[in-house]
Structure formats: C-alpha cells, structure tokens
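Each chain is listed here by its residues.
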Amino acid sequence: MSQQLHYIKPNRVDAVMNGAIGWLARKGVSLLGTAELSVKGRTSGEWRSIPVNPLPYEGGPYLISARGHSHWVRNLRAAGGGRLRVGRRTQYFTAVELPDEEKPALLRTYLERWGWEVGRFFGDVSAKSTDEELLAAAHRHPVFRITIGG
C-alpha cells in the first residue's frame, strides 16, 4: 500500500480526550461502550493503546477506524490481533479486515450509534447516506471483525 492513505491525525483536544477516555476505560468506566485497544507496534513490538468504540453487530464485534488508516490500524494489520480492556477485564482477540463491499451496513450502524462523536471524520457521509455513498467512502475507513479469545 504505497499510495497515500486517508488518515486524520488527532489534534491537541482529541489527544487530551483520548487520554482521558483511555484512563477511564483502564479504571473500569466504559463511556457508551468504549474500551482501550492495545496492539503491538509493528516496528517496536511494544504495546500501543488507544480508546475505541467496539461495534456489536451480527457476527461481530467490529473495530472501525473513523480517522482512517491510523497507526492502530497499521499495527493491527501487522499483528493480526490485540486486546481490549475495560478495568480488570482484558479480552485478547484476532482480527480480520473486511473488504470495502462488506462495510456499508457496518458504517451506517457505527454512525447511528456514534455519529455525534465521530461524524466529523466521515465528511459528507452519515448514517442517512445511501449504500452507494457509504461504499464510496468505505476505502477511507478500515473495518475489522474481531474474534475474542482468538
């Protein structure tokens, strides 16, 4: 993947919020389903963590990157799995990335649930967008089906 991939870097406010939400998840407080995602770094081998919104859905849960091809996405591709943590409960998982044609229903459900929080990263696409519009945006938002205990 040598082409320029879509990625929206966190600004200072986002970084502070991510830090606070991640801290809460580590302490056992999940805000509307948030969890702390940890994945081993693709070059360092060190665990890297960020808060995420795992999406419960048919055959899921799923991890969706609102910001695009972020570092956690690239690390997850390399590692093939990671862990989700809320408080003392840590769940290890394996992950399979979905092709774009399987993403529209998941993106719609994700935006229905968390659009108020992440909608700004999706541009003109929203939960009310057509399947065609969601499919056209799908390449910008990696989606992983995760298997807990995998």
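Note: the structure precedes this text.
Residues numbered from 1 in each chain as written. Predicted model: local features only at pLDDT ≥ 70, side-chain atom pairs only at ≥ 80, totals over all residues. Heavy atoms only, no water.

### Concerning the packing of aromatic side chains
Taken as a whole and assessed by the stated rule, the structure comprises four aromatic pairs. Taking 6.1 Å as the distance between ring centres and 50 degrees as the angle between the ring planes, the aromatic pair formed by Trp72 and Phe144 counts as tilted. Separated by 72 residues along the polypeptide, Trp72 in helix H2 (residues 71-79) and Phe144 in strand S6 (residues 143-148) bring together distant segments of the chain. Judged by its relative accessible area of 2%, Phe144 is buried. An aromatic cluster of at least three residues, connected via ring pairs, comprises Tyr110, Trp114 and Phe122. Across from the ring centre of Tyr7, 5.8 Å away, lies the NZ or CZ of Arg74, which sits over that ring. (Phe/Tyr/Trp six-rings, centres within 6.5 Å; stacked < 30°, edge-to-face > 60°. Helix = DSSP H or I, 4+ residues; strand = E, 2+ residues; numbered from the N terminus. Buried < 20%, exposed > 50% of the residue type's maximum accessible area, 1.4 Å probe, protein only. Lys NZ or Arg CZ within 6 Å of the ring centre and 35° of its normal.)

### Quick look at the sheet that holds strand S1 (residues 35-40)
One open sheet accounts for six strands, arranged S2-S1-S4-S5-S6-S3; its pairing is antiparallel. A single partner strand is all that each edge strand has here, and the edge strands are strand S2 (47-52) and strand S3 (62-64). The mean angle between the axes of side-by-side strands here comes to 35 degrees, regardless of whether they run parallel or antiparallel. Looking at chain direction, S3 and S6 are connected through three bridges and run antiparallel. Residue pairing across strands places Tyr62 opposite Arg145, the latter belonging to S6. Its contacts with the sheet place H2 against S1, S2, S3, strand S4 (81-86), strand S5 (89-97) and S6, and it is angled at close to 55 degrees to S1. (Pairing = 2+ DSSP bridges. Axes fitted to C-alpha atoms, helices over the stretch in contact; angles between N-to-C directions. Contact = heavy atoms within 4.5 Å.)

None of the figures reported here should be taken as evidence of function without further support.
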